[in-house]
Amino acid sequence: MSILDRFKQITTFIFDMDGVLTDGTVYVLDGGQYRRMSIKDGFALQLAVKKGYRIAVISGSTSDPAVERLHKLGIQDVFMGVKDKKARLNEYLQQHKLQYAEVLMMGDDIPDYDVMQTVGLACAPADAVSEIKEMAHYISLYPGGLGCVRDVIEKVLKLNDHWDLHTNTTSS
């Protein structure tokens, strides 16, 4: 199966938080820790939701502001503080009656390795660790938090004629 065939089969996106939806930087300031996320990734996430794709975030980290942002983008399936990502993914797939072949998972580091091995399309940002890059089916040209999420969403939506330049979205 070609890589484009794998992209075309995707109905569900699973993303890690730190290093994928963010650039992996945590700003430690008085009053808390802060993460940086891409507006361009946000646009693609919103569009995918509006086009009927499932999107979930499965992360070992916790961040109320990040969860709030994802909810504003229309993503309701946000699982933070997850110790066993593979078990959480399996529960999610059973709950929604999904097959592994229709799932794209993007991760960047060792905690994502086992879960990425089970999905139909394992993807990594350009700056993922070498072990993840070696097992990924696709490596984005963009780093975590700086366009890698939009890259994979845009490929899936374009292959399925769902990339609509005239779709209204709220602030991304």
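Here the structure is a predicted model, which is why all the values come from computation and not from measurement.

What follows covers the UniProt feature "binding site: Mg(2+)" (unreviewed entry) in the chain. Mapped onto the present numbering, the UniProt feature "binding site: Mg(2+)" (unreviewed entry) falls on Asp16 and Asp108. Across 93 residues in sequence, these annotated residues keep their C-alpha atoms within 7.7 Å of one another, forming a single compact spot. The subset of the named residues that lines the largest pocket consists of Asp16 and Asp108. The residues contacting Asp16, other than those within four sequence positions of it, are Leu21, Val57, Ile58, Ser59, Lys85, Met106, Gly107, Asp108 and Asp112. In this structure the side chain of Asp16 is engaged in a polar contact, spanning 2.9 Å, whose partner is the side chain of Lys85. Mapped onto the elements, Asp108 comes out in the loop between strand S6 (103-106) and helix H6 (113-116).

All right, on to the nonpolar core then. Judged by nonpolar contacts, the single largest core of 32 residues is most densely connected at Phe13, Phe15, Leu45, Leu104, Ile153 and Leu157. At the level of elements, strand S1 (12-15), helix H2 (17-21), helix H3 (39-50), strand S4 (54-58), helix H4 (64-72), S6, strand S7 (121-124) and helix H8 (148-159) are the ones that each hand at least two residues to this core. In terms of residue count, the dominant contributor to this core is H8 (six residues). Apart from residues lying up to four places away in sequence, Leu104 is in contact with Phe7, Ile10, Thr12, Phe13, Ile14, Phe15, Leu121, Cys123, Val152 and Val156.

Calculation notes
- Along each chain, residues carry numbers from 1 onward, in the same order as the chain's sequence is written.
- Where totals are concerned, whole chains, interfaces and linings use all residues; where local detail is concerned, this predicted model gives features only for residues with pLDDT of at least 70, and gives and counts side-chain atom pairs only at 80 or more.
- Just so you know, side-chain values use all the structure's heavy atoms and leave hydrogens and water out.
- UniProt positions are given in the numbering used here, feature names are shortened, and annotations may be inferred rather than shown by experiment.
- Points on a 1 Å grid, built from protein atoms alone, make a cavity when a 1.4 Å probe fits but cannot get out and make a pocket when they are open with protein on both sides within 12 Å along at least 5 of 7 lines; residues with an atom within 4 Å of a point are the lining residues.
- Whether two residues are in contact is decided by their heavy atoms: any pair within 4.5 Å suffices.
- In protein, a polar contact requires one atom able to donate a hydrogen and another able to accept it; more generally it is a pair of N or O atoms within 3.5 Å, and residues adjacent in sequence count only if both atoms are side-chain atoms.
- Secondary structure is summarised from DSSP: a helix means a run of H or I of at least four residues, a strand means a run of E of at least two, and numbering begins at the N terminus for each.
- Here the nonpolar core consists of buried residues drawn from Ala, Val, Leu, Ile, Met, Phe, Trp, Tyr and Cys, with membership extended through side-chain atoms lying within 4.5 Å.
- Only protein chains enter the calculation, and the probe is 1.4 Å; a residue is then buried if its accessible area is under 20% of its type maximum, exposed if over 50%, and partly exposed in between.

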